[in-house]
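A closer look at the structure
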Amino acid sequence: HKGLDLMLKGFHKYLENGGEGQLELIGDGSDRGALTALAEELKIQNKVIFHGKKFGKDKFDLLHGMDIFLHTSRMEGFPTAVLEAAALKKPCITSEATNMNRYIEKYNAGFILEKNTPEEIAEKMKTAANGHQEKSLLQLGENAHRMVAEVFDWEIIAKQLVEEYTA
């Protein structure tokens, strides 16, 4: 349900269309073997890094080194990984199923996938790569950080809950 197959296929299309870079995946699951096989089938295995499970400083060090965070879930509850990346000033590319698109759009904190397809994923990757070259990703990252601070801070959320229950 995380849409990692879509991500790999989108990355493949991005590379086919002249894109450059690498895709780094953090985490492990039962589909890792299938995803590794898909990367080999698409002949992108030398451009994809499977880091496996990472926690704490190791995970944040990896996120810090990335230019953009991509989340292509087909279904999602509350995408903590998106918030972690945004808090680290990483612009995000998100699918509608992440429930983050309205915030990403409102804060201009990245790019939203109208359709969670390999073609659109490749298109947004190209847009992000252009933003990286033009240095505009830095502002999107600042906006992502502001989004987390203004909307997803636990003190703000707690205050809103108290106000809601006491109204």
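As a reminder, the structure under discussion sits directly above these lines.
Notes on the structure follow. (Residues numbered from 1 in each chain as written. Predicted model: local features only at pLDDT ≥ 70, side-chain atom pairs only at ≥ 80, totals over all residues. Heavy atoms only, no water.)

**What about helix α7 (residues 137–151)?**
Between its first and last C-alpha atoms α7 spans 21 Å; for 15 residues at 1.5 Å apiece the expected length is 21 Å, and the two agree. Within the span of α7, buried status applies to Leu137, Leu140, Gly141, Asn143, Ala144, Met147, Val148 and Val151. Looking straight down α7, one finds that the buried residues subtend no more than 160° of arc, so they occupy a single side. Taken together, the buried residues of α7 touch α4 (80–87), α5 (101–107), β5 (110–113), α6 (118–134) and α8 (154–166). (Helix = DSSP H or I, 4+ residues; strand = E, 2+ residues; numbered from the N terminus. Expected span 1.5 Å × (residues − 1). Buried < 20%, exposed > 50% of the residue type's maximum accessible area, 1.4 Å probe, protein only. Arc of directions from axis to C-beta. Contact = heavy atoms within 4.5 Å.)

**Observations regarding the packing of aromatic side chains**
Scanning the entire structure with this criterion turns up two aromatic pairs. Aromatic pair Tyr103 and Phe152: ring centres 5.0 Å apart, planes at 75°, arrangement edge-to-face. Of this pair, Tyr103 sits in helix α5 while Phe152 sits in the loop between α7 and α8, and the two are 49 residues apart along the sequence. Assessed through its relative accessible area of 18%, Tyr103 is described here as buried. For Phe152, a relative accessible area of 11% puts it in the buried group. For the cation-ring pair, Lys59 lies above Phe60, with the distance from its terminal atom to the ring centre recorded as 5.3 Å. (Phe/Tyr/Trp six-rings, centres within 6.5 Å; stacked < 30°, edge-to-face > 60°. Lys NZ or Arg CZ within 6 Å of the ring centre and 35° of its normal.)

**Overview of the pairing of strand β2 (residues 48–52)**
Alignment of strand β1 (residues 23–26) against β2, held across four bridges, turns out to be parallel. Along β2, the bridge assignment pairs Leu25 with Phe50. Tracing the backbone out of β1, into helix α2 (residues 32–41) and back to the parallel element β2 gives a crossover that is right-handed. (Pairing = 2+ DSSP bridges. Right-handed = clockwise from strand over helix to strand, strands pointing away.)

**Considering unusual backbone geometry**
Even without being a glycine, Asn99 presents a positive backbone phi close to 65°. Examined against the element boundaries, Asn99 turns out to sit in the loop between β4 (92–95) and α5. Owing to a relative accessible area of 43%, Asn99 belongs among the partly exposed residues under this scheme. The backbone of Lys135 sits at a positive phi, close to 70°, despite the residue not being glycine. Positionally, Lys135 belongs in the loop between α6 and α7. Taking relative accessible area as the criterion, Lys135 reaches 57% and is therefore assigned exposed.

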